[in-house]
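Residues per chain are reported as follows:
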Amino acid sequence: MTLATIGREVNLSGPAHQAEPDWNTTDYHQPVLLQETLDRLSPRDGGIYLDVTVGEGGHALAILDRSAPGGRVLGIDRDPRSLVRAERRLAHYESRFIPIQGNYSQMAAICRSNGVSQVDGVLMDLGFSSRHIETPGYGFSFQRDEPLDMRYDPQQSLTASEIVNTLEQEELASLIFRFGEEPRSRSVAREIIRSRPVNTTGELAQAVARSMRPARRRIHPATKTFQALRIAVNGELDHLEAGLAEAVDVLAHGGILVVISYHSLEDRLVKNALAREAARCICPPELPECVCGHQPRMRNVTRRVIKPSPEEVRQNPRSRSARMRVAQRL
Ligand SMILES: C[S@@+](CC[C@H](N)C(=O)[O-])C[C@H]1O[C@@H](n2cnc3c(N)ncnc32)[C@H](O)[C@@H]1O
């Protein structure tokens, strides 16, 4: 049996633990806003929950514990390497945890092919995990020099290296501006083009740094450019938009959607999508009367975004940018 406390497992026994000792370490991505997620999802015995960004299974583990003995979690992730860790970590939940490699933009089809038509809750904890930054080989971070990759799904062919080495200067500048909100996108793009070929995270970080005047900054000068490339390589905003619509489709009446985002582009998209799903009318404002016939499908549960407590930010500084929004299926 497993005893799980919030985000931390207490000693395990059983086959999973014997087979690979480090499954029981606390060396996992720390789930963000965990208590707040559980409070909103209210997992119950017999419920079916979709954790569509299961990562290393921190949230899923807590949902499984809260919904014992009969609750089930379908855990989806694009990254098969994270999924393997989640699968091993949660093996002792046996058939209550169903790991699936896939994209949350296809969650309805994934549910159907697993014999599930509707679910009681959907959790979307967006972006990358600390594993993606800490493990060599992903190429997400400028903290280590390695091939410029940035794919969650290693089967995908497009990499960050291909983007920086093939786009025209204008296209590259526009990508860095749109997805990184980098005000110096033009000079960054110019310097990247001048530095081609740019094949490693270190080469990219240096090119970005060269494009800016030395200054005291709160964040590394390449932070926004790296964010832009990660979003572009993985098509993150398109998948998020599709994923939010699919979440509404798979939720049972009264089911809860929890979305945790980590930057303003994601949060704005989530806010607008949920506002649209909750609206009685989506006609253009200039029309004198409603002709859309739109039916609201969701109700916003949180009037304001939920942010991590100062205590959580102290314990896990990576949580500081997290913003949670919650809605209920009507
Ligand atoms: C912040 S982490 C989730 C961490 C997880 N809640 C935990 O407690 O370990 C986000 C995860 O979403 C995955 N991901 C990103 N985009 C995805 C997509 N479109 N479909 C499915 N998974 C995705 C990433 O691979 C990553 O593992």
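As the structure is a prediction and not an experimental result, all values here were calculated from the model.

## Side note on the domain arrangement of the protein
- Its domain assignment divides the protein into domain 1 (3-131 + 237-329) and domain 2 (147-235).
- The straight-line distance from the C-alpha centre of domain 1 to that of domain 2 is 29 Å.
- Across the contact, 15 residues belong to domain 1 and 13 residues belong to domain 2.
- Each partner contributes to the roughly 1,100 Å² buried at the junction of domain 1 and domain 2, and carbon and sulfur atoms together form 49% of this total.
- Where domain 1 packs against domain 2, one counts one salt bridge.

## A look at unusual backbone geometry
- For the bond running from A68 to P69, omega is 5 degrees, close enough to zero to count as cis.
- With respect to the secondary-structure elements, P69 resides in the loop between α3 (58-66) and β4 (72-77).
- For the bond from R196 to P197, the omega torsion is 0 degrees, close enough to zero to count as cis.
- Topologically, P197 is positioned in the loop between α9 (185-195) and α10 (201-210).
- The backbone of L33 sits at a positive phi, close to 50 degrees, despite the residue not being glycine.

## Here we look at the site of the ligand
- Of all residues adjacent to the ligand, which total 23 residues, the nearest are H59, D77, N103, Y104 and D125.
- Between G58 and the ligand, the recorded distance is 3.2 Å, taken from a backbone N or O atom to an oxygen atom.
- In the environment of the ligand, a nitrogen atom lies 2.9 Å from a nitrogen or oxygen atom belonging to the side chain of N103.
- Isolated, the ligand exposes 600 Å² of accessible area, and the fraction of that covered by the protein chains is 99%.
- Residues belonging to the shell around the ligand are distributed by class as follows: seven nonpolar, 11 polar and five charged.

## Some thoughts on the packing of aromatic side chains
- Following the criterion strictly, the structure yields four aromatic pairs and no others.
- Judged by centre distance (5.9 Å) and plane angle (20 degrees), the rings of F128 and F140 are stacked. With F128 in the loop between β6 (119-125) and α6 (130-134) and F140 in the loop between α6 and α7 (160-166), the pair connects residues that are 12 residues apart, well separated along the chain.
- Among the aromatic residues, those joined into a cluster by ring pairs are F128, Y138, F140 and Y152.

## Remarks on the pairing of strand β5 (residues 97-101)
- Looking at chain direction, β4 and β5 are connected through five bridges and run parallel. Across the sheet, G75 pairs through a bridge with P99, a residue of β5.

## Looking at the pairing of strand β7 (residues 251-261)
- Most of β7 sits out of view: nine of its 11 residues are buried.
- Bridge count between β6 and β7: six bridges; the pairing is parallel. Its bridge partner being in β7, V122 is matched across the sheet by L257.
- In this structure, β7 lies alongside strand β9 (residues 323-329), joined through six bridges in antiparallel fashion. Within the sheet, the bridge partner assigned to V259 lies in β9 and is R325.

## Comments concerning the packing of helix α8 (residues 169-180) against helix α11 (residues 223-234)
- Axis separation between α8 and α11 bottoms out at 8 Å; the angle between their running directions is 95 degrees. Relative to α11, the element α8 is oriented roughly perpendicular. Within the contact between the two elements, α8 uses L175, I176, F179 and G180 and α11 uses K224, T225, Q227, A228, L229, I231 and A232.
- Each residue belonging to the contact of α8 with α11 can be placed in one class, and the counts come to seven nonpolar, three polar and one charged.

Quick notes on the rules
Every chain begins its residue count from 1, and numbering advances along the sequence as written. At least 70 in pLDDT is required for a residue's local features to be given in this predicted model, at least 80 for side-chain atom pairs to be given and counted, and no such filter applies to totals for whole chains, interfaces and linings, which use all residues. Excluded from the side-chain calculation are hydrogens and water; included are all heavy atoms of the structure. The start and end points of each domain follow an automatic or database-based domain assignment. Note on contacts: a residue pair qualifies if any of its non-hydrogen atoms lie within 4.5 Å across the two residues. In short, buried area is how much 1.4 Å probe accessible area vanishes from two parts on joining, totalled over both. A pairing counts as a salt bridge when a side-chain nitrogen of Lys or Arg comes within 4 Å of a carboxyl oxygen of Asp or Glu. The helix and strand labels rest on DSSP assignments: H or I over at least four residues marks a helix, E over at least two residues marks a strand, and numbering proceeds from the N terminus. Here a residue counts as near a molecule or strand whenever at least one of its heavy atoms sits within 4 Å of it. Whenever two N or O atoms come within 3.5 Å, that pair is a polar contact, provided that in protein one can donate a hydrogen and the other can accept it, and provided that, for residues adjacent in sequence, both atoms are side-chain atoms. Every accessible area reported is derived by Shrake-Rupley at a probe size of 1.4 Å, with residue values counting cover from the shown protein chains alone. Amino acids are sorted into nonpolar (Ala, Val, Leu, Ile, Met, Phe, Trp, Tyr, Cys and Pro), charged (Asp, Glu, Lys and Arg) and polar (every other residue, Gly among them). Think of it this way: a Phe, Tyr or Trp ring, Trp meaning its six-membered ring, pairs with another when their centres are within 6.5 Å, and the plane angle makes it stacked under 30 degrees, edge-to-face over 60, tilted otherwise. Strands pair, by our definition, only if DSSP identifies at least two bridges between them. For the exposure calls, accessible area comes from a 1.4 Å probe over protein chains only, and a residue counts as buried if that area is under 20% of its type's maximum, exposed if over 50%, partly exposed in between. Fitting a line to C-alpha atoms yields each axis, with helices limited to the stretch in contact; the angle taken between N-to-C directions then spans 0 to 180 degrees. In these notes the angle categories are as follows: under 35 degrees is roughly parallel, over 145 is roughly antiparallel, 65 to 115 is roughly perpendicular, and the rest is oblique.

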